[in-house]
Amino acid sequence: GYNGDQLYFYREGASASALALQPNGDATFGGDVILSGSAAVSHRIQTSGGVNSWTRLELANGNGQWDVGTSRGYNGDQLYFYREGAAANAFAVQPNGDGAFLGSLAVGTGTPTANLNVRGSGLTESTVYSTGERAILSLHSHLGGSDHVWTLESGLFGTAGLFGIYDRTAGQSRMTIDTGG
């Protein structure tokens, strides 16, 4: 039926409208929205706006809202996951594949106890792998108002088989181990 500037669709016997179209273009659904197809299904949400326009899916419940979206030319065209009211994205992926997390990242557990928490039962291994260059694990601290960076390096100074502990702040190797021990 029609009521003023709003268009309502009712199912006979239902207490609320199945669909209400507002003058500003908003649509309100009174039940579940099911998007389906006979084979593979793909649905697109796309903006026709210019630079800095965005497309976003808002997922809300009584505890808050999560947004999943992307933008054109803003923040590097990233795909982002954002908690409404937070200071920054919880997770963002750039077109080149770079990703950023706000908070801790857990692998093998749902409750991280550190910024990067890798857990397993039995032997647990983490790998830093480089093809054609050194593999480096960097340890950066800021204590007493000063920064200091130490690195553990496989292929120290670009030498295959040379392992070292390197003081990046001082620019000096502090310990090296070669394949002979």
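Quick notes on the overall build of the chain
Next, step 1: Across its full length, the chain holds zero helices and 15 strands.
Next, step 2: At 27 Å, the chain has a C-alpha radius of gyration far larger than the 16 Å of a compact globule built from 181 residues.
Next, step 3: Its C-alpha atoms put the chain at 85 × 40 × 40 Å along the principal axes.
Next, step 4: Expressed as a percentage of the 181 residues in the chain, the buried residues total 14%.
Next, step 5: Partitioning the intrachain contacts of the chain with sequence separation of at least 6 by distance along the chain shows that 3% fall at a separation of at least 24.

Focus: the layout of surface pockets
Next, step 1: Considering only enclosed or pocket space, the largest pocket measures out at about 160 Å³ in volume.
Next, step 2: If you go around the largest pocket, the residues you meet are Ile45, Thr55, Arg56, Leu57, Val68, Gly69, Thr70 and Leu79.
Next, step 3: For the lining of the largest pocket, the secondary-structure elements that each account for two or more residues are strand E5 (54–61) and strand E6 (64–71).
Next, step 4: Of the residues belonging to the lining of the largest pocket, the class tally is four nonpolar, three polar and one charged.

Considerations on the side chain of Glu153
Next, step 1: Turning to its location among the elements, Glu153 is positioned in strand E13 (residues 146–154).
Next, step 2: Of note is the side chain of Glu153, whose polar atom sits 3.3 Å from the side chain of Arg134.
Next, step 3: Look past the residues within four positions of Glu153 in its chain and what remains in contact with it is Arg134, Ala135, Ile136, Leu162, Phe163, Gly164, Tyr166 and Arg168.

Focus: the pattern of salt bridges
Next, step 1: Tallied over the entire structure, the rule returns five salt bridges.
Next, step 2: Between Glu153 and Arg134 there is a salt bridge, and its shortest N-O distance comes to 3.3 Å. A residue pair is termed long-range when its members are at least 10 positions apart, and Glu153 in strand E13 and Arg134 in the loop between strand E11 (116–118) and strand E12 (135–143) qualify at 19 residues.
Next, step 3: One salt-bridge network, held together by shared partners, links Arg56, Glu58 and Asp67.

Let's talk about a nonpolar patch on the surface
Next, step 1: A surface patch of nonpolar side chains, about 680 Å² in accessible area, is lined by Val128, Leu137, Leu139, Trp150, Leu152, Phe163, Met175 and Ile177.
Next, step 2: Elements with a contribution of two residues or more to the nonpolar patch: E12, E13 and strand E15 (172–177).
Next, step 3: Along the chain, Leu152 falls in strand E13.

What about the pairing of strand E7 (residues 79–83)?
Two faces make up the sheet, and in a regular strand the side chains alternate between them.
Next, step 1: As defined by bridge partners, E6 adjoins E7 across five bridges and the pair is classed as antiparallel. The residue bridging Val68 from the neighbouring strand is Phe81, located in E7.
Next, step 2: Across three bridges, E7 lies against strand E8 (residues 91–93) in antiparallel orientation. Bridge pairing in E8 places Phe81 opposite Phe91.

Considering the pairing of E6
Next, step 1: The alternating pattern of E6 places Gln65, Asp67, Gly69 and Ser71 on a buried face, while none of Gly64, Trp66, Val68 and Thr70, on the opposite face, is buried.
Next, step 2: Pairing between E5 and E6: eight bridges, direction antiparallel. Counted as the bridge partner of Ala60 is Gln65 from E6.
Next, step 3: Here E5 folds back onto E6 in antiparallel fashion, the turn holding two residues.

Topic: the packing of aromatic side chains
Next, step 1: For the structure shown, the criterion picks out three aromatic pairs.
Next, step 2: Here the aromatic rings of Phe81 and Phe91 are separated by 5.7 Å at their centres, their planes lie at 35°, and the arrangement is tilted. Here Phe91 lies in strand E8 and Phe81 lies in strand E7, a separation of 10 residues in the sequence.
Next, step 3: These aromatic residues form a ring-pair network of at least three members: Phe81, Phe91 and Phe101.
Next, step 4: A cation sits over an aromatic face here: Arg56 above Trp54, 4.1 Å from the ring centre.

The rules behind each value
Residues numbered from 1 in each chain as written. Predicted model: local features only at pLDDT ≥ 70, side-chain atom pairs only at ≥ 80, totals over all residues. Heavy atoms only, no water. Helix = DSSP H or I, 4+ residues; strand = E, 2+ residues; numbered from the N terminus. Rg over C-alpha atoms; globule rule 2.2 N^0.38 Å. Buried < 20%, exposed > 50% of the residue type's maximum accessible area, 1.4 Å probe, protein only. Contact = heavy atoms within 4.5 Å. 1 Å grid on protein atoms, 1.4 Å probe; cavity = no way out; pocket = protein on both sides within 12 Å on 5 of 7 lines; lining within 4 Å. Points joined across faces, edges and corners; volume = space filled by probe spheres on them. Nonpolar A, V, L, I, M, F, W, Y, C, P; charged D, E, K, R; others polar. Polar contact = N/O pair within 3.5 Å; in protein donor to acceptor, adjacent residues only side chain to side chain. Salt bridge = Lys/Arg side-chain N within 4 Å of Asp/Glu carboxyl O. Patch = residues over 30% accessible without salt bridge, like charges linked within 9 Å, V, L, I, M, F, W, Y side chains within 5 Å. Areas by Shrake-Rupley, 256 points an atom, 1.4 Å probe, with all protein chains shown as cover. Pairing = 2+ DSSP bridges. Phe/Tyr/Trp six-rings, centres within 6.5 Å; stacked < 30°, edge-to-face > 60°. Lys NZ or Arg CZ within 6 Å of the ring centre and 35° of its normal.

Worth remembering: the numbers are spatial, not functional.
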